[in-house]
Amino acid sequence: MPCPDTAYRVLMVTLAPAARIDLHTHSWCSDGTEAPGVVVAQAAKAGLDVIGLTDHDVVSGWAQADAAGREQGVLVVPGIEVSCNWRGISVHLLAYLPDPHDEPLLAELSASRSSRDTRLQRMVKLLAADGYPITYDEVLEMAAAQASLGRPHIADVLVRHGVFPSRDEAFADVLSSDSRYYVAHHAPDPVHATEMIVAAGGVPVIAHPFASKRGKVVSDDLLADMADAGMVGVEVDHRDHGPSERAHAAALADRLRLVQTGSSDYHGAGKPNRLGENTTRIASLEAILERATGTGLLGAH
Ligand code: AMP
Ligand code: ZN
Ligand code: FE
Ligand code: FE
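Residues numbered from 1 in each chain as written. Chains lettered and ligands numbered in written order. Predicted model: local features only at pLDDT ≥ 70, side-chain atom pairs only at ≥ 80, totals over all residues. Heavy atoms only, no water.

### Description of the sheet that holds strand β6 (residues 233-237)
Ordered in space as β1-β2-β3-β4-β5-β6-β7, the seven strands form an open sheet in which the pairing is mixed. The open sheet has two edge strands, β1 (21-25) and β7 (259-262), and neither has a second partner. Between one strand axis and the next, the sheet turns through 30 degrees on average, direction left out of account. Taken together, the four bridges between β6 and β7 define a ladder with parallel strand orientation. Paired with E235 across the two strands is T261, which belongs to β7. Lying on the sheet, helix α3 (residues 62-72) is in contact with β2 (50-56) and β3 (75-86); it crosses β3 at an angle near 150 degrees. Here helix α10 (residues 243-256) sits on the sheet in contact with β6 and β7, set at roughly 155 degrees to β6. (Pairing = 2+ DSSP bridges. Helix = DSSP H or I, 4+ residues; strand = E, 2+ residues; numbered from the N terminus. Axes fitted to C-alpha atoms, helices over the stretch in contact; angles between N-to-C directions. Contact = heavy atoms within 4.5 Å.)

So, in structure tokens, the structure goes:
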């Protein structure tokens, strides 16, 4: 039997009706600035009962987060924020509790990560050619070993050299997707990724789908196609969604019978997002756990 069933029952016992749940966070296994165990400790400090650890395209933080969760009394829902691409638009698909040994899923994640590496090398070359003080070795030196690399790691080097005061300013300038230094990386189609996550026993929830401040956003029709492919939820409450975008996401979730979530998208010191600034209702978490059929274990709390 898959474990989520057990964890689900335990959860019913241990979580109070007022439990605080934040299902989208990052550690330094991708572009957060803290170790997975530290993210969990911060979550405990912030009064959270449940967090999802959802690093970009990688599962390497799960074990440490789970161990810290047992110590700190935080239930850690293991997840991945799977980078997808739809007609040139970047789509982020949260995958909760997939089997971390599922071969097709692992192959896709591995392809994304290696393409992230080569893409970052190309961006660094373009920047260096224009006189920016950066080498790929320095990017690697500043990122955690084996991290799933992204533009924030370039930002960190430029911040270190005083070119920009923070990641945010670097993103507003040379790292924006409109910039001449921008290079895209491999990312699967979102409907295909949805099917792949479901096949791996995971639960797909689209992250911040209507965050227009990030650039062009996807169509309602894409979400409908993803729902047909087995997508379970929509992240509605996220700081990059304005009030009308939240309302739109919530109405669409109702129409497509999708679960609604809310989360911080915490990146440690890499972003202003604070743990627990948006949260998910218990009923939504229960619906997500009920749909998980993989062996992406939840710790036995
Ligand atoms: P990449 O995955 O390399 O395309 O970079 C995108 C990542 O950069 C996303 O996961 C965001 O979390 C992060 N990011 C995007 N905009 C900003 C920003 N303004 N400040 C800090 N991090 C950002
Ligand atoms: Zn990120
Ligand atoms: Fe995202
Ligand atoms: Fe994220």
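From this point, the discussion proceeds with the structure in view.
### Quick notes on the environment of P17
Within the fold, P17 resides in the loop between α1 (4-14) and β1. A sequence separation of 265 residues divides P17 from I282, and the C-alpha atoms of the two residues are 7.3 Å apart.

### Overview of the confidence of the model for the protein
Reading fine detail from the predicted coordinates is not recommended where pLDDT is low. Mean pLDDT over the protein: 94, with 94% of residues reaching 70 or higher. Predicted confidence is poor over residues 1-6, with pLDDT under 50, and the contacts of this stretch with residues over four places away or in other chains come to six contacts. (pLDDT = per-residue confidence, 0-100.)

### Some remarks on the coordination of the iron ion (ligand 3)
Coordination of the iron ion (ligand 3) by the protein comes from E81 (OE), H92 (ND1) and H208 (NE2), over a distance range of 2.1 to 2.2 Å. Along the chain, the residues donating to the iron ion (ligand 3) are arranged with the sequence spacing E-x10-H-x115-H. The metal-metal distance between the iron ion (ligand 3) and the zinc ion (ligand 2) comes to 5.7 Å. Taken together, the residues E81 in strand β3 and H92 in strand β4 (residues 89-96) connect sequence positions 11 residues apart. Accessibility expressed as a relative area gives 1% for E81, which makes it buried. H92 sits in the buried class, given a relative accessible area of 13%. (Donors = N, O, S within 2.8 Å, 3.2 Å for Na, K, Ca; no water. Buried < 20%, exposed > 50% of the residue type's maximum accessible area, 1.4 Å probe, protein only.)

### As for the pattern of salt bridges
In total, this model carries 11 salt bridges according to the counting rule given. The residue R180 makes a salt bridge to D130 at a minimum N-O spacing of 2.7 Å. Remark: D130 occurs in the loop between α4 (103-129) and α5 (136-142) and R180 occurs in the loop between α7 (167-172) and α8 (190-199); sequence separation between them is 50 residues. What makes R180 exposed here is its relative accessible area of 63%. A relative accessible area of 38% places D130 in the partly exposed class. Members of the salt-bridge network, linked through shared partners, are K213, R214, D240 and D265. (Salt bridge = Lys/Arg side-chain N within 4 Å of Asp/Glu carboxyl O.)

### Quick look at the coordination of the zinc ion (ligand 2)
Every protein donor of the zinc ion (ligand 2) is accounted for by D31 (OD), D31 (OD), H56 (NE2) and H267 (NE2), and the metal-donor separations fall at 2.1 to 2.6 Å. Each of the six donor atoms around the zinc ion (ligand 2) contributes to a set of angles spanning 53 to 141 degrees, which defines the coordination as irregular. Donor residues for the zinc ion (ligand 2), ordered by position in the chain, follow D-x24-H-x210-H. (Tetrahedral: all angles 85-135°; square planar, octahedral: opposite > 155°, others 65-115°.)

### Details of the side chain of D102
The topology assignment puts D102 in the loop between β4 and α4. As a buried residue without a salt bridge, D102 has its nearest oppositely charged side chain in R113, at a separation of 12 Å. Engagement of the side chain of D102 in a polar contact is seen with the backbone nitrogen of L105, the distance being 3.0 Å. Not counting residues up to four positions away in its chain, the partners in contact with D102 are A199 and A200. (Lys, Arg positive; Asp, Glu negative; His and termini not counted. Polar contact = N/O pair within 3.5 Å; in protein donor to acceptor, adjacent residues only side chain to side chain.)

### A short note on the site of ligand 1
What surrounds ligand 1 is a group of 13 residues, the closest being H56, R119, R151, D168 and H267. The contact in question runs from an oxygen atom of ligand 1 to an N or O atom on the side chain of R116, over 3.0 Å. H267 is positioned with one of its side-chain polar atoms (N or O) 2.9 Å from an oxygen atom of ligand 1. Burial of ligand 1 by the protein chains amounts to 87% of its free accessible area of 500 Å². (Near = heavy atom within 4 Å. Areas by Shrake-Rupley, 256 points an atom, 1.4 Å probe, with all protein chains shown as cover.)

### Quick look at the packing of aromatic side chains
Working definition: an aromatic ring pair is given by the centre-to-centre distance plus the angle between the planes. Tallied over the full model, the rule gives one aromatic pair. Taking the centre distance of 5.8 Å and the plane angle of 80 degrees together, the rings of Y132 and Y181 count as edge-to-face. Of the two residues, Y132 is situated in the loop between α4 and α5 and Y181 in the loop between α7 and α8; the sequence distance between them amounts to 49 residues. On the basis of relative accessibility, which here comes to 23%, the residue Y132 falls in the partly exposed class. Looking at Y181, the relative accessible area reads 8%, which means it is buried. (Phe/Tyr/Trp six-rings, centres within 6.5 Å; stacked < 30°, edge-to-face > 60°.)

### Looking at the pairing of strand β5 (residues 203-206)
Covered by surrounding structure in β5 are V203 and V205 together with P204 and I206, the residues of both alternating faces. Pairing analysis gives two bridges linking β5 to β6, with the strands arranged parallel. Considered in β6, the bridge of I206 is made with V234. Read from β5 through helix α9 (residues 220-228) to β6, the crossover connection turns out right-handed. (Right-handed = clockwise from strand over helix to strand, strands pointing away.)

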